Amino acid sequence: MAKRGMSAEEKKLKMKEIFIESKDVLTLKEVEKVASKSKGINAMIVKDVLQQTVDDGMVVTDKIGISNYYWSFPSQELHVRKVKLAKLSEDVESTKRKRDAFQEQAKALSKGREVSADREEKMKRLSDLQSQNDKLKTELQQYADSDPDFIKSLQEA
């Protein structure tokens, strides 16, 4: 079975090759001409593919006057990668600092929370008191309709 056309990713790579090979700044018309003739990209979709490459950061665009100019130089890709690497390295260092701070905070908070019989007894008492409190709140809700203040507010309204 023969392959039909190029995938979107192949078209983007071919579009980028146009700029790398020309090493020049091109207008949309020039790109359309070169893409359809030498790279085999349908002239009807050149503009869409070009916009996708711009959106992906593979090609740079700038509007000067009423014309849009497009370019992509090999050195630019290296620069973009270096900037991205620096940003990611900074993010890694920041995350490591946050992790260390959280570990220190966890150590500080765990002091006084060591497992002991006294602590377990107090935690069980706390749990019992919380469940008793919940029961009393539900019982109070049952009697809320008989509340004198509630009845008085209904009579005034």
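Quick caveat, the model's predicted, so the values are computed rather than measured.

(A) Seen up close, the overall build of the protein chain. Scanning the protein chain for helices and strands turns up six helices and three strands. The linear arrangement of helices and strands in the protein chain, starting from the amino end, is α-β-α-α-β-β-α-α-α. Against the globule reference of 15 Å for 157 residues, the protein chain gives a C-alpha radius of gyration of 34 Å, more extended than a compact globule. Projected onto its principal axes, the C-alpha coordinates of the protein chain cover approximately 85 × 55 × 50 Å. A buried classification covers 13% of the 157 residues belonging to the protein chain. When contacts within the protein chain are restricted to residue pairs at least 6 apart in sequence, those whose partners lie at least 24 apart make up 52%. Once the 31 positive and 28 negative side-chain charges of the protein chain are each reduced to a mean point, those two points are 8 Å apart.

(B) Layout of the pairing of strand 2 (residues 60–64). Relative to strand 3 (residues 67–71), strand 2 is paired through five bridges, and the arrangement is antiparallel. Across the sheet, residue D62 finds its bridge partner in strand 3, namely Y69. Two successive antiparallel strands, strand 2 and strand 3, enclose a turn made up of two residues, where G65 displays a positive phi of approximately 65 degrees.

(C) Local environment of the layout of surface pockets. What the largest pocket holds in volume is close to 200 Å³. Forming the boundary of the largest pocket are K16, D56, G57, M58, S72, F73, Q76, E77, V80, R81 and K84. Looking at which element gives the most residues to the lining of the largest pocket, the answer is helix 4 (residues 74–110), with five residues. Broken down by class, the residue content of the lining of the largest pocket amounts to three nonpolar, three polar and five charged.

(D) Fine view of the side chain of K12. Assignment of secondary structure puts K12 in helix 1 (residues 8–22). Of the polar contacts made by the side chain of K12, one reaches the side chain of D56; its length is 2.6 Å. Ignoring sequence-local partners within four residues, the contact set of K12 consists of V49, Q52, T53, D56 and M58.

(E) Structural detail: the packing of helix 1 against helix 2 (residues 28–38). One can describe the packing of helix 1 onto helix 2 by two numbers: an axis separation of 10 Å at closest approach and a directional angle of 115 degrees. Judged by the inter-axis angle, helix 1 sits roughly perpendicular to helix 2. Read as a crossing pair, helix 1 and helix 2 show a hand that is right-handed. Facing helix 1, whose interface residues are M15, I18 and F19, helix 2 presents V31, V34 and A35.

(F) The arrangement of the packing of helix 1 against helix 3 (residues 46–55) in detail. Put simply, helix 1 and helix 3 touch, their axes get as near as 9 Å, and they point 85 degrees apart. Taken together, helix 1 and helix 3 sit at an angle that is classed as roughly perpendicular. Contacts between helix 1 and helix 3 involve K11, K12, M15 and F19 from the first element and V46, V49, L50, Q52 and T53 from the second. Across the contact of helix 1 with helix 3, the residue classes break down as five nonpolar, two polar and two charged.

(G) Main features of unusual backbone geometry. In this structure, K23 is a non-glycine residue whose phi angle is positive, near 50 degrees. Note that K23 resides in the loop between helix 1 and strand 1 (26–27).

Conventions adopted
- Residues numbered from 1 in each chain as written.
- Predicted model: local features only at pLDDT ≥ 70, side-chain atom pairs only at ≥ 80, totals over all residues.
- Heavy atoms only, no water.
- Helix = DSSP H or I, 4+ residues; strand = E, 2+ residues; numbered from the N terminus.
- Rg over C-alpha atoms; globule rule 2.2 N^0.38 Å.
- Buried < 20%, exposed > 50% of the residue type's maximum accessible area, 1.4 Å probe, protein only.
- Contact = heavy atoms within 4.5 Å.
- Lys, Arg positive; Asp, Glu negative; His and termini not counted.
- Charge placed at Lys NZ, Arg CZ, Asp CG, Glu CD.
- Pairing = 2+ DSSP bridges.
- 1 Å grid on protein atoms, 1.4 Å probe; cavity = no way out; pocket = protein on both sides within 12 Å on 5 of 7 lines; lining within 4 Å.
- Points joined across faces, edges and corners; volume = space filled by probe spheres on them.
- Nonpolar A, V, L, I, M, F, W, Y, C, P; charged D, E, K, R; others polar.
- Polar contact = N/O pair within 3.5 Å; in protein donor to acceptor, adjacent residues only side chain to side chain.
- Axes fitted to C-alpha atoms, helices over the stretch in contact; angles between N-to-C directions.
- Parallel < 35°, antiparallel > 145°, perpendicular 65-115°, else oblique.
- Left-handed = near helix turned anticlockwise from the far one by under 90°.

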